[in-house]
Amino acid sequence: MRPQADSGPYAGAVFRILSIDGGGIRGLIPALLLEQLEVLLEQALQSAGEHEAASWRERGIVSPRIANCFHLIAGTSTGGLLTAALTTAGPGGHPKLTAAEAVSIYEKQGPAIFSLPLWRRILNPFGLLRPRYPLAQLRRVLEREALFGSAKLADACTDVLIASYDTIHTAPRLFTRWGAPGSKSIEPGRSELSMAEVALATSAAPTYFEPEDVEGTHLIDGGVYAANPAIVAVSMALRRTERPAPTVPADLLMISLGTGSWERPLDYGKGGVLGWVRPRKGGEPLLEAILDGQADSASESAHMILNGWSPPGGQTWWESTLPPALIGGGPRFWRYQPNLPDPLAMDDVGSIPTLRRIGLESASHYEQELRRLARLLVSSGPV
């Protein structure tokens, strides 16, 4: 966890992005931070001046939601699920779920999603023959009318970028409201996919769930190439042609949320195939190395693109890897990634109380930054 920064968010942003990492049940951490941000957004609107409140009042918004405040929300895996939850349209086109209701997906439905039937334990020991969990368990949760129901991706309350990977065409698949630009099999146009389908596709982590079949292809968790979708989101934003259309990185403000970092050595046994892929506390060592390494690399790259590099204390030598404490403190890229006390696996539902404590502590630690951000978002008006 980096120290809290003294400077406020960059007020000249043309285009605002929220980026959420993957991490399974650890998605509870960013969900709790966003729940706190929504509380602060409502407080900021209540104390806003007449001019600042006018644009919200014209839209009939009394309690701002996350989707009202960002031009683009990007997510991978559990971050993609959160993105879908926060942007699913309800009555009148307003966001259907609050961030608090998104939190309940993890706390109330997590045990059902990551439930291992007895027959699967017997016939599929350690997940050696099939994925560990039936994807149908997650499907039943997401397709409930109280959550996604039959809501469409195309009706999302703001632009989204949800990452998955196409195992048939061996290429990234990025879900957006406007279809599938760059897909080898589908022409760009209005997407007819449901939010539930997209959330399943981005959540289908290898070894945990089977691929999701969508439009004649098999899709898996986008974490295989973008566990942290920050750079993918920057790239997409700078290609935007509709207003507001950022043209340079200085036009962007990005809030990047991690799902917790574990900095102790990986336990990969003797280094053989079984050692790298056998589930241990914290998950499979190979998968964790890929996901954590990619997430850290994306954060550093986003920091350099959006914040630049100011060597501390007059330092003049070149740094091949930036220390985590120097990454994500603004003015354009803000990273929130708490440290984990233990290597908590993506399916470790027993860690929910610990994850809740970490999420609340992180929100408390960064409360002043979040208050400044809430004031900025309210003063900028709804997207």
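All chains use their own residue numbering, which begins from 1 and follows the written sequence. Only residues with pLDDT of at least 70 get local features here, since the model is predicted, and only at 80 or more are side-chain atom pairs given and counted; chain-wide, interface and lining totals rely on the full set of residues. As a rule here, side-chain values come from all non-hydrogen atoms in the structure, and water together with hydrogens is ignored.

### Quick look at the overall build of the chain
For the chain, the count of helices and strands is 13 helices and eight strands. Buried means the residue's accessible area, taken with a 1.4 Å probe over protein chains only, is under 20% of the maximum for its type, while exposed means over 50%, and partly exposed covers the values in between. Here the chain holds 383 residues, and the buried ones make up 53% of them. Residue pairs in contact within the chain that sit at least 24 positions apart in sequence constitute 73% of those at least 6 positions apart. All accessible-area figures derive from a Shrake-Rupley calculation using a 1.4 Å probe, and residue coverage is judged against the displayed protein chains alone. For the chain, the computed accessible surface area is about 16500 Å², with 55% contributed by carbon and sulfur atoms. A run of DSSP states H or I qualifies as a helix once it reaches four residues; a run of E qualifies as a strand once it reaches two. Both are numbered from the N-terminal end. Only heavy atoms enter the contact rule, under which two residues are in contact if any of them lie within 4.5 Å.

### Points about the nonpolar core
Core analysis: the biggest nonpolar cluster contains 83 residues, and L18, L34, I66, L142 and F148 have the highest contact counts within it. The element that contributes the greatest number of residues to this core is helix 1 (residues 28-46), accounting for eleven residues. In this view, L142 contacts L81, L147, F148, G149, A196, A199 and L200; residues no more than four positions away in its chain are not counted. A233, L252, A302 and L306 belong to the second-largest nonpolar core, a separate cluster that totals 19 residues. Buried residues of nine kinds, namely Ala, Val, Leu, Ile, Met, Phe, Trp, Tyr and Cys, make up a nonpolar core once their side-chain atoms join them within 4.5 Å.

### Thoughts on helix 4 (residues 99-113)
Within helix 4, the axis deviates most sharply at E107, by approximately 35°, and proline P111 lies no more than four positions further along. Among the residues of helix 4, A99, A102, V103, I105, Y106, Q109, G110 and I113 are the ones counted as buried. Here the buried face of helix 4 lies against helix 1, helix 3 (78-87), helix 6 (135-142) and helix 12 (352-365). Note that bend, as reported per residue, equals the angle between axes fitted to the 7 residues terminating at that residue and the 7 residues originating from it.

### A short note on the packing of helix 3 against helix 4
Interaxial angles span 0 to 180 degrees and are taken between N-to-C directions of axes, which are lines fitted to C-alpha atoms, for helices over the stretch in contact. Taken N-terminus to C-terminus, the directions of helix 3 and helix 4 make an angle of 140°; their axes are 10 Å apart at the nearest point. As summarised for this structure, helix 3 and helix 4 are arranged oblique, according to the angle between their axes. Relative to helix 4, the crossing made by helix 3 is right-handed. Taken together, the residues of helix 4 that come into contact with helix 3 (itself represented by T78, L81, L82, A85 and L86) are A99, A102, I105 and Y106. Counted by class, the contact of helix 3 with helix 4 contains eight nonpolar, one polar and no charged residues. Should an angle fall under 35 degrees it is taken as roughly parallel, and over 145 as roughly antiparallel, whereas 65 to 115 is taken as roughly perpendicular and any remaining angle as oblique. The hand of a helix crossing depends on one turn: near helix anticlockwise from the far one by less than a right angle means left-handed, and clockwise means right-handed. Here the nonpolar group is Ala, Val, Leu, Ile, Met, Phe, Trp, Tyr, Cys and Pro; Asp, Glu, Lys and Arg are the charged ones; every other residue, Gly included, is treated as polar.

### Details of the environment of E35
By the secondary structure assignment, E35 is in helix 1. Each C-alpha atom of the pair E35 and A102 lies 8.4 Å from the other, and the pair is 67 residues apart in sequence. Leaving out residues up to four positions away in the same chain, E35 has contacts with A99, A100 and V103.

### Quick word on the confidence of the model for the chain
Scored from 0 to 100, pLDDT records how confident the predictor is in each individual residue. When pLDDT is averaged along the chain, the result is 87; 88% of the residues meet or exceed 70. The low-confidence segment residues 181-187 (pLDDT under 50) makes eight contacts with residues lying over four places distant or belonging to another chain.

### Some points on the packing of aromatic side chains
For this analysis, a ring pair means two rings from Phe, Tyr or Trp (six-membered ring only for Trp) whose centres lie within 6.5 Å, classed as stacked if their planes differ by under 30 degrees, edge-to-face if by over 60, and tilted for the remaining angles. For the structure shown, the criterion picks out five aromatic pairs. A ring pair is formed by F114 and F209, whose centres lie 5.9 Å apart and whose planes are at 35°; its orientation type is tilted. Of the two residues, F114 sits in the loop between helix 4 and helix 5 (118-123) while F209 sits in the loop between helix 7 (195-203) and strand 5 (212-214), which places them 95 residues apart along the sequence. Both residues of the pair, F114 and F209, count as buried. Centre to centre, the rings of Y336 and Y366 are 4.8 Å apart; their planes meet at 80°, and the pair counts as edge-to-face. Residue Y336 is located in strand 8 (residues 333-336), and its partner Y366 is located in the loop between helix 12 and helix 13 (367-380); the two are separated by 30 residues in the primary sequence.

### Observations concerning the pairing of strand 1 (residues 15-20)
Taken across its six residues, strand 1 has six buried, putting it largely inside the fold. Going residue by residue along strand 1, you find F15, I17 and S19 tucked away on one face and R16, L18 and I20 tucked away on the opposite face as well.

### Observations regarding the environment of W309
One can find W309 in the loop between helix 11 (285-306) and strand 8. A residue is classified by how much of its surface remains accessible, and W309, at 26% relative accessible area, is partly exposed. Separated by 18 residues in the primary sequence, W309 and I327 place their C-alpha atoms 9.4 Å from one another.

### A few points about the pattern of salt bridges
Definition used for salt bridges: Asp or Glu carboxyl oxygen within 4 Å of a side-chain nitrogen of Lys or Arg. Going through the model one piece at a time under the given rule, you end up with eleven salt bridges. One salt bridge in this structure joins E215 and R173, with 3.2 Å as the shortest N-O distance. Of this pair, E215 sits in the loop between strand 5 and strand 6 (217-221) while R173 is found in strand 4 (residues 171-175), placing the two residues 42 residues apart along the sequence. Taking relative accessible area as the criterion, E215 reaches 44% and is therefore assigned partly exposed. The buried category is assigned to R173, whose relative accessible area is 5%.

### What about the pairing of strand 2 (residues 72-76)?
For strand 2, a buried count of five out of five residues is recorded, marking the element as mostly surrounded by other parts of the structure. Here four bridges tie strand 1 to strand 2, and the two strands are oriented parallel to one another. Across the sheet, residue S19 finds its bridge partner in strand 2, namely A74. Note on pairing: two strands pair once DSSP finds at least 2 bridges between them. Note: strand 2 against strand 3 (residues 159-166), five bridges, orientation parallel. Bridge pairing links G75 to I162 in strand 3.

### What to know about the side chain of S164
In this fold, S164 is placed in strand 3. Within polar-contact distance, the side chain of S164 engages the backbone oxygen of A201 at 3.3 Å. Ignoring any residue separated from it by four or fewer positions in sequence, one finds S164 in contact with P172, R173, F175, A201, T202, L219, I220, D221, G222 and Y225. N or O atoms within 3.5 Å of each other form a polar contact, as long as, within protein, one can give a hydrogen and the other can take it, and as long as residues adjacent in sequence are counted only when both atoms are side-chain atoms.

### Here we look at unusual backbone geometry
Between R243 and the following residue, P244, the backbone shows a cis peptide bond with an omega angle of -5°. Here P244 lies in the loop between helix 9 (230-238) and strand 7 (252-257). Cis rather than trans, the peptide bond between G330 and P331 has omega equal to 15°. When you line up the elements, P331 lands in the loop between helix 11 and strand 8. Even without glycine at this site, S77 takes up a positive phi of about 55°. For S77, the location among the structural elements is in the loop between strand 2 and helix 3. A relative accessible area of 5% means that S77 is categorised as buried. Notably, E215 is not glycine yet its phi reads approximately 50°, a positive angle.

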